[in-house]
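Here's the letter readout for the chains.
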Amino acid sequence: MNFSPLPSVDAASVPADGLVLDVREDDEWAAGHVEGALHVPMSDFVARFGEVTEAVAERGRAYVMCRVGGRSAQVTQYLVQQGFDAVNVDGGMLAWDGAGRPMVTGNGSPAFVL
């Protein structure tokens, strides 16, 4: 079998207005996330697939993110196989934070990567 390389970008090159799809679990999301990101935990992904496809159709390329890049790689692979424009964010939220990109929480407390 021939697998094409997974499309990926580094955190610093995700456009500020890009559609970030965060596939981390609720506790990870609550600790800190990208403002305006679409949060669909990997465990809910199949059930909420319509929501994801609608967002990608409306906003274009999905920048898929988790903590370090493993779960997001699986989701990116799936989206690409379904014909969607999706890229994995290398290094996930740890790389995002390391690149000094902004993070927020829902309650105003300091954001961190869980």
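Residues numbered from 1 in each chain as written. Predicted model: local features only at pLDDT ≥ 70, side-chain atom pairs only at ≥ 80, totals over all residues. Heavy atoms only, no water.

This next bit is on the sheet that holds strand 4 (residues 62-65). Read across the sheet, five strands follow the order 1-5-4-2-3 without closing on themselves; strand pairing throughout is parallel. The open sheet terminates on both sides in strands that have one partner only, identified here as strand 1 (8-10) and strand 3 (38-39). Across four bridges, strand 2 (residues 19-22) lies against strand 4 in parallel orientation. Bridge assignment links Leu-19 to a residue of strand 4, and that residue is Ala-62. Packing of helix 2 (residues 49-59) onto the sheet brings it into contact with strand 2, strand 3 and strand 4, and relative to strand 2 it is tilted by some 165 degrees. In the packing of helix 3 (residues 70-81) onto the sheet, the strands contacted are strand 2, strand 4 and strand 5 (86-90), and the crossing angle to strand 5 comes to about 165 degrees. (Pairing = 2+ DSSP bridges. Helix = DSSP H or I, 4+ residues; strand = E, 2+ residues; numbered from the N terminus. Contact = heavy atoms within 4.5 Å. Axes fitted to C-alpha atoms, helices over the stretch in contact; angles between N-to-C directions.)

Moving on: the pattern of salt bridges. Pairs can form between side chains of opposite charge once their charged atoms are near each other. Summed over all chains, the structure comprises four salt bridges. Linking Arg-61 and Asp-85 is a salt bridge whose minimum nitrogen-to-oxygen distance equals 2.9 Å. Here Asp-85 lies in the loop between helix 3 and strand 5 and Arg-61 lies in the loop between helix 2 and strand 4, a separation of 24 residues in the sequence. Judged by its relative accessible area of 35%, Arg-61 falls in the partly exposed class. With a relative accessible area of 38%, Asp-85 lands in the partly exposed category. (Salt bridge = Lys/Arg side-chain N within 4 Å of Asp/Glu carboxyl O. Buried < 20%, exposed > 50% of the residue type's maximum accessible area, 1.4 Å probe, protein only.)

Our next topic: the pairing of strand 2. Burial along strand 2 is two-sided: Leu-19 and Leu-21 and Val-20 and Asp-22, pointing in opposite directions, are all buried. Inspection of the sheet shows strand 2 paired to strand 3 by two bridges, in the parallel sense. Residue pairing for strand 3: Leu-21 is matched across the bridge by Leu-38.

On to helix 2. Residues Phe-49, Val-52, Thr-53, Ala-55 and Val-56 constitute the buried set of helix 2. Each buried residue of helix 2 sits inside an arc of 160 degrees when the element is viewed along its axis, so together they form one side. Opposite the buried face of helix 2, at more than 90 degrees from it, the exposed residues are Glu-54, Ala-57 and Glu-58. For helix 2, the secondary structure elements touched by its buried residues are strand 2, strand 3, strand 4 and helix 3. At the C-terminal side of helix 2, Gly-60 shows a positive phi close to 90 degrees. (Arc of directions from axis to C-beta.)

A separate point is the side chain of Ser-72. Tracing the backbone shows Ser-72 in helix 3. Those residues in contact with Ser-72, other than ones at most four positions away along the chain, are Val-23, Val-64, Met-65, Cys-66 and Asn-88.

This brings us to the environment of Asp-85. Sequence separation between Asp-85 and Ala-31 is 54 residues; the distance between their C-alpha atoms is 28 Å. Residues in contact with Asp-85, not counting those within four places in the same chain, are Val-56, Arg-61 and Ala-62. Reaching out from Asp-85, the side chain makes a polar contact with the side chain of Arg-61 at a distance of 2.9 Å. (Polar contact = N/O pair within 3.5 Å; in protein donor to acceptor, adjacent residues only side chain to side chain.)

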